[in-house]
Amino acid sequence: MTNDTCWLDQFPGLQRLPTDILSTLASQAKVVTLAAGTQIYGPGHAPESYLLMLDGTVRVQQVSENGREIVLYRVSAGESCALTTACLMGYEDYPAEALAETQTRAVAIPRATFDELVARSPDFRRFVFTAFSARVTDLFRVIEEVAFARIDLRLAGKLLELSHGADHVAATQQQLAAELGSAREVVGRMLSEFQRRGWVSSQRGNITIENRAALQKLVQER
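Residues numbered from 1 in each chain as written. Predicted model: local features only at pLDDT ≥ 70, side-chain atom pairs only at ≥ 80, totals over all residues. Heavy atoms only, no water.

### A look at the sheet that holds strand S7 (residues 104-110)
With antiparallel pairing, the three strands of this open sheet are ordered in space as S1-S7-S3. Sheet topology places strand S1 (30-34) and strand S3 (49-55) at the edges, where each strand pairs with a single neighbour. The mean angle between the axes of side-by-side strands here comes to 35°, regardless of whether they run parallel or antiparallel. Pairing of S3 with S7 involves six bridges; the strand directions are antiparallel. (Pairing = 2+ DSSP bridges. Helix = DSSP H or I, 4+ residues; strand = E, 2+ residues; numbered from the N terminus. Axes fitted to C-alpha atoms, helices over the stretch in contact; angles between N-to-C directions.)

### A word on the confidence of the model for the chain
The share of residues in the chain with pLDDT of 70 or more is 97%, and the mean pLDDT across the chain is 90. By mean pLDDT, helix H1 (residues 12-15) is the weakest element of the chain at 85, and S7 is the strongest at 96. (pLDDT = per-residue confidence, 0-100.)

### Quick word on the environment of Val186
Summarising the element assignment, Val186 is placed in helix H8 (residues 184-196). Spatially, the C-alpha atom of Val186 lies 28 Å from that of Arg135, the residues being 51 residues apart in sequence.

### Description of unusual backbone geometry
Positioned with a positive phi, Tyr91 is a non-glycine residue whose angle comes to about 55°. You can see Tyr91 is positioned in the loop between helix H3 (82-90) and strand S6 (97-100). Classification of Tyr91 as exposed rests on a relative accessible area of 60%. Although it is not a glycine, His164 sits at a positive phi angle of roughly 50°. (Buried < 20%, exposed > 50% of the residue type's maximum accessible area, 1.4 Å probe, protein only.)

What follows is the structure in structure tokens.
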């Protein structure tokens, strides 16, 4: 941990805060490093701090009683977690699971400091709620897609997203199902159809994009 305050440069909304609020943040917040695979928050546990991401990616997912997973969203550099904000504001336990996908650096603002700054500073409240509202919008998009969007369009879009411009996606059918909030069998059938059309090929845990243009055209049908 370190008290280095250079992290403030990554959050323009914080730079506009009054000097006394910045001073409180500088003295109370800590920069923490989390190894890949670390569970940051888990079901049934109240968050102890408000995290602002500096580097890395955190995956927030929900797991049902029968073990089915759905990825709700990811938190990247310059962002915060909406569920954490909701739990801190409502004094509730975390309802999902937040996992560090990569080695992660984040600013941890202790709960007591968070409560104090929300009460004291309209500008800090605005920063918190602006980030919160943007993430809630993302959550509604996930709900809409799971409920209404065609699985073939969603799978094509997810493959393009996870490929990061390359031709390979390192993901199992189960992992893709979690990303899409679907069943592994459904994803498997759709991948087989994509293979039949010559759009992708797959081996265990790896998918190769053979026809990116066809996947992009399918996504544009939304």
